[in-house]
Amino acid sequence: MLIRADKLIGWILIVISLSIFSISLNLILFTDLIVIKVISLTSILIFSFPLMIGTKLIIYEPMNKVSAEILLKYYSSKIKPLCISFSGIDGAGKTTHLYMLNKVLKDLGFKTRIFWMRWPAFTSYPLLLLGKLLGLTSRKGSFIEHKYYLNKVFSKVISLSLIYDFILRYAMIKILQKLQRWNLLLDRNILDLVIDLYVWTRERLLFSPLFIHLYGNLLKNCTVIIFDVDEKTALLRKKDTFDVPYLRAKRKLYSLLSKLLLIHTIDTTQSGIYSTFTNVVDNLGLQRLLELYVLIKAKKTSIK
Amino acid sequence: MDYHDHIAVDDFVLMVLSAMCTNKTFSKRQSILLEKTSLSELGKICSKTNIPSLLTKLHSNSLSSELIKEICKNSDVLNHFIPLIFKDTDRRLQRIRGLIFVNKVLRNVNYMLIKDLDIPFALLSDIDLLLYDYIELLKAAIILENEGCNIYKFRLLAHPFKVMATNCKNEVFEIDLYPHPMWIRKIVASTDEIFKTKHFGIRYDIEMPLPAPPMDFYLIATHAWSHLRLTLAETLYLLKLSESIKEKEWFQILEIAHKWGTLDSIYTISLVLNIFSSKVYGYSVIPEEVINEMKKKYILSSKSEKWLYSIKRIEFPIKFPASLAVFYSSLYSFQALWKKDLMNALYGILSTYLSYTSNLFLKKQDSI
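Calculation criteria
- Sequence positions are assigned chain by chain, starting from 1 and proceeding in written order.
- Chains carry letters and ligands carry numbers; both start at the beginning, A for chains and 1 for ligands, and go up in the order they are written.
- At least 70 in pLDDT is required for a residue's local features to be given in this predicted model, at least 80 for side-chain atom pairs to be given and counted, and no such filter applies to totals for whole chains, interfaces and linings, which use all residues.
- Side-chain numbers come from the whole structure's heavy atoms, not from hydrogens or water.
- Helical segments are the DSSP runs of H or I of at least four residues, strand segments are the runs of E of at least two, and each set is numbered from the N terminus.
- Only C-alpha atoms enter the radius of gyration; for comparison, a globular chain is expected to reach 2.2 Å times N to the power 0.38, where N is the number of residues.
- The buried label applies to any residue whose accessible area, calculated with a 1.4 Å probe on protein chains only, is under 20% of its type's maximum; exposed applies above 50%, and partly exposed to all values in between.
- Residues are treated as being in contact if the distance between any of their heavy atoms lies within 4.5 Å.
- Computed with a 1.4 Å probe, the accessible areas rest on the Shrake-Rupley method; for each residue, only the protein chains presented here act as cover.
- In what follows, salt bridge is the name for a side-chain nitrogen of Lys or Arg lying within 4 Å of a carboxyl oxygen of Asp or Glu.
- Grid points spaced at 1 Å and placed over the protein atoms alone form the basis of the search, with a cavity being a set where a 1.4 Å probe fits but cannot get out and a pocket an open set showing protein on both sides within 12 Å along at least five of seven lines. Lining residues have an atom within 4 Å of a point.
- Grid points are joined across faces, edges and corners, and a volume is the space filled by probe spheres set on the points.
- Amino acids outside the nonpolar list (Ala, Val, Leu, Ile, Met, Phe, Trp, Tyr, Cys, Pro) and the charged list (Asp, Glu, Lys, Arg) are all regarded as polar, and Gly is one of them.
- Under this scheme, a helix contributes an axis fitted over its contacting stretch, all axes are lines through C-alpha atoms, and angles between N-to-C directions fall in the 0 to 180 degree range.
- Should an angle fall under 35 degrees it is called roughly parallel, over 145 degrees roughly antiparallel, and 65 to 115 degrees roughly perpendicular, with every other angle called oblique.
- Here a crossing is taken to be left-handed if its near helix is turned anticlockwise relative to the far helix by less than a right angle, and right-handed if that turn runs clockwise.
- Whenever a nitrogen or oxygen atom comes within 3.5 Å of another N or O atom, the pair is scored as a polar contact, on the condition that within protein one atom can donate a hydrogen and the other can accept it, and that pairs from neighbouring residues in sequence are kept only if both atoms are in side chains.
- Here, expected helix span is obtained from the residue count minus one, scaled by 1.5 Å.
- Cysteine sulfurs are considered disulfide-paired once they come within 2.5 Å of each other.
- DSSP-based pairing: two strands are paired if at least 2 bridges between them are found.

Colleague: Before we move on, could you go through the overall build of chain A and cite the residues and values that matter?
Modeller: Within chain A, the secondary structure is distributed over 12 helices and eight strands. On C-alpha atoms alone, chain A measures out to a radius of gyration of 29 Å, which is more than a quarter above the 19 Å that the 2.2 N^0.38 rule sets for 304 residues. Projecting the C-alpha coordinates of chain A onto the three principal axes gives extents of approximately 95 × 55 × 30 Å. Counting across all 304 residues of chain A, residues that qualify as buried make up 45%. The contacts of chain A with a sequence gap of at least 6 include a subset with a gap of at least 24, amounting to 78%. Of the accessible surface of chain A, which amounts to about 16,800 Å², a share of 67% is contributed by carbon and sulfur atoms.

Colleague: Break down the overall build of chain B for me, with residues and values.
Modeller: Helix and strand content of chain B: 17 helices and 13 strands. Buried residues in chain B amount to 60% of all 368 residues. Partitioning the contacts of chain B with sequence separation of at least 6, the portion at a separation of at least 24 is 70%. As presented, chain B carries roughly 15,300 Å² of accessible surface, and 55% of it is formed by carbon and sulfur atoms.

Colleague: I'd like a description of the pattern of salt bridges, backed by residues and values.
Modeller: Here the structure, examined in full by the defined rule, presents 31 salt bridges over all chains. A salt bridge links D196 of chain A to K250 of chain A; the shortest N-O distance between them is 2.6 Å. One end of the pair, D196 of chain A, is in helix α7 (residues 190-201); the other, K250 of chain A, is in helix α10 (residues 244-261), with 54 residues separating them in the sequence. You can call D196 of chain A buried: its relative accessible area is 4%. The residue E193 of chain B makes a salt bridge to K259 of chain B at a minimum N-O spacing of 2.7 Å. You can see E193 of chain B sitting in helix α9 (residues 191-195) and its partner K259 of chain B sitting in helix α12 (residues 247-259), a full 66 residues away along the chain. For K259 of chain B, a relative accessible area of 40% corresponds to the partly exposed category. Because the salt bridges share partners, they merge into one network encompassing D90, R118, R188, D192, D196 and K250 of chain A.

Colleague: Quick rundown of empty space enclosed by the protein? Include the residues and the values.
Modeller: All names here are of chain B. If you walk through the whole model with that rule in mind, you get five cavities of 30 Å³ or more. Each pocket or cavity is described by its volume, and for the largest cavity that value is around 150 Å³. K186, T222, W225, S226 and T352 are the residues nearest the centre of the largest cavity, which is lined by 16 residues in total. Taken together, the elements giving at least two residues each to the lining of the largest cavity come down to α10 (213-226), α13 (263-280) and α17 (342-361). Ranked by residues supplied to the lining of the largest cavity, first place goes to α17 with four residues. Here the lining of the largest cavity is composed, by residue class, of four nonpolar, 10 polar and two charged.

Colleague: Break down the packing of α10 of chain B against helix α11 (residues 232-244) of chain B for me, citing the residues and quoting the values.
Modeller: Pairs of packed helices are described in terms of their axes, by the angle between the two and the distance that separates them. All names here are of chain B. Look at α10 against α11: their axes get within 9 Å of each other, and the N-to-C directions meet at 155°. What the angle tells us is that α10 and α11 run roughly antiparallel. Considering how the two elements wind past one another, α10 and α11 form a crossing that is left-handed. For the pair α10 and α11, the contacting residues are P213, D216, F217, I220, A221, H223 and A224 in the first and E234, Y237, L238, L241, S242 and S244 in the second. Here the residues of the contact of α10 with α11 sort into eight nonpolar, three polar and two charged.

Colleague: Requested: an account of the side chain of N274 of chain B, with residues and values cited.
Modeller: Here N274 of chain B lies in helix α13. A distance of 2.8 Å separates a polar atom in the side chain of N274 of chain B from the backbone nitrogen of I286 of chain B.

Colleague: Outline α10 of chain B, supporting the account with residue identities and numerical values.
Modeller: Taking 1.5 Å as the rise per residue, α10 of chain B with 14 residues should run 20 Å; its terminal C-alpha atoms sit 20 Å apart, in good agreement. With respect to burial, α10 of chain B is a largely interior element, 13 of its 14 residues being buried.

Colleague: Could you give me a rundown of the state of the cysteines, with the residues and numbers involved?
Modeller: Residues and elements named next belong to chain B. Inspection of the entire model under this criterion finds two disulfides over all chains. Here C149 is linked by a disulfide to C168, with a sulfur-sulfur distance of 2.1 Å. Residues C149 and C168 are joined by a disulfide whose S-S torsion is about 120°; by sign, that bridge is right-handed. With a gap of 19 residues between them, C149 in the loop between α8 (134-146) and β4 (150-154) and C168 in the loop between β5 (163-166) and β6 (174-178) connect regions that are remote in the sequence. In terms of burial, C149 and C168 fall into one category: buried.

Colleague: Can you explain the sheet that holds strand β2 (residues 83-88) of chain A? Please cite residues and give values.
Modeller: Residue and element names in this part refer to chain A. Read from one edge to the other, the open sheet built from five strands follows the order β3-β6-β2-β7-β8, with strand pairing classed as parallel. In this open sheet, the two strands that pair with only one neighbour each are β3 (112-116) and β8 (264-267). Ignoring strand direction, the axes of neighbouring strands in this sheet form an average angle of 20°. Across five bridges, β3 lies against strand β6 (residues 183-187) in parallel orientation. Residue pairing across strands places F115 opposite L186, the latter belonging to β6. Across the sheet, helix α4 (residues 94-107) is in contact with β2, β3, β6 and β7 (223-228); its angle to β6 comes to roughly 165°.

Colleague: Provide a residue-level description of the packing of α10 of chain B against α12 of chain B, including the pertinent values.
Modeller: Residues and elements named next belong to chain B. Running from amino to carboxyl end, α10 crosses α12 at an angle of 40°, the nearest separation of the two axes being 9 Å. Overall, the two elements α10 and α12 adopt an arrangement that is oblique. Where α10 crosses over α12, the two elements pack in a sense that is right-handed. Within the contact between the two elements, α10 uses P214, M215, F217 and Y218 and α12 uses E249, W250, I253, I256 and A257.

Colleague: Break down the pairing of β2 of chain A for me, with residues and values.
Modeller: Residue and element names in this part refer to chain A. Counted residue by residue, β2 has six buried out of six residues, so it is predominantly covered. Residues C83, S85 and S87 line one face of β2 and the alternating positions I84, F86 and G88 line the opposite face, and both faces are buried. With four bridges connecting them, β2 and β6 associate as parallel partners. Bridge assignment links C83 to a residue of β6, and that residue is L184. Direction of pairing for β2 relative to β7: parallel, over a ladder of five bridges. Paired with S87 across the bridge in β7 is I226.

Colleague: So, the layout of surface pockets: which residues are in play, and what are the values?
Modeller: Residue and element names in this part refer to chain A. When its volume is computed, the second largest pocket comes out at roughly 1,200 Å³. Forming the walls of the second largest pocket are 48 residues, and the residues nearest its centre are D90, R118, D196, Y246 and K250. Mapped onto the lining of the second largest pocket, the elements with two or more residues apiece are α4, α5 (125-133), β4 (137-140), β5 (143-146), α7, α10 and α11 (273-284). Among the residues making up the lining of the second largest pocket, the classes are represented as 18 nonpolar, 14 polar and 16 charged.

Right, here's the structure in full:
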């Protein structure tokens, strides 16, 4: 417990004494009756003692024995909240590593929230329904195929609409982060949406300098890493993905965005899960947090 | 400075000389000044009736009573005070053991030893460590807890972030962990600014991470000011540091002090150091150009000078007057900071008044 009764009493005494002081002072200054003036003056004298005791209670008794775990809870809330986002093709290992990171942060006492950012649709649902009615969306086996590129106007409108929805959702999440001091872990981000949209619409506007600038600004306060993996490994890891050409096309687009926005890419094809995780942590600049985590785990193990 | 002339430095100078006696840099000056100290004066200081007050004075100046052995050679008188002297020797040894312990266990933690007065016979109560950030603080706390230390969190209004470790391996030394260079509630620099100057230096034959001399000077001066007093040990160490600070580095200190609203402390303490050094060594340790630059930047500089005009003699520990170190300091600090960092400006005011009231209420003892 970081708030203690003696401190609380100290504050209460100070508040009461200062209130009485101000009332008494007003009475002394603005009343003509001598009796009231005398009573007010006496009350100031009397209440100077609780004021002194209150101050002493706050200042004095300086410390409280704590465990490192309590310190951890206290200080983790003081660290500036993080915003981390992973992008990349299906099967690259984004979600796995995001959940690993979440576990580390949670064990360290951080308040974390994971958001899945691939599908931001909010105001775009009527348009999506229209796309279906126009026959631009069809089912291909277990996948839904969007062929918005067949209608140029619709392509532009749906792209802008979904980007607008993303911005809306992202802004709301950022506001909540500020209010709640969450550490944000975003599974995918605007880059993934743009690449999906490009595949569905083939809309060049999405890669115009203005839009690239917009994506860069959106990701400004968030550390982004692109996860890459070769297509065959991706298909082995995740069965519910499209074919090799589809993944290859997407990889090219991720590579392009990585170059344009100077985002670090981690290739997970060869490396094992723990070495990739260490690589991810290094790239996020969170090595010291990992060291802290290792220390805590070692401590817990030794206690057991 | 002409107003130096009418201020006499207390005859405590004798102790100053003794404090310097193992310091090679000062040995020449010391021998000259020792010649000036008459034997009758020494007899008076070392009389049996005077030694208890001398001891109190040493302790209130963060100096060990071992110094008495250096000043007074009369063994009959000294015998009465041997247990006290041993107690201080033990305290100093405990602290050195603490430094060895810190050096050994916190190898993988980014920290620096601060407020360490590297002068002979300095008697410091605890080991103050500045950690790079909260993560490093937590790492240090966990390691220290694993090593059997008891960890304490300060709930004071004055030290909300400080963590203390005691009873490590049943030793009595205390380790204070600071996540910010924050005296009371006022942050006096950024950790980045301080850690930029990090280097490894030798303290008691132990290699410790330390701030560079200019930063060390800045931290000790601002800390002394925040506690409204400057001890002789601090003065001696600041003098020692001043000798090694280059002119260019003085201006770096001023820049940081100007940025963090602490020029009042640096200016006043610099004036005191110059008076002291000109009386004891015959010259000013802080260059005139630096003082003039501070005068230009610190709008209330005349207040510090006025205070120095008003005093006849400097006695240690120097207690800064409330008007200067509390009232004017809070005004200056708020004026300097409110545009850049309103919260720090408010905490600056809170700090000065908290320090003042805690001195009043807790009747802070002079002895450590």
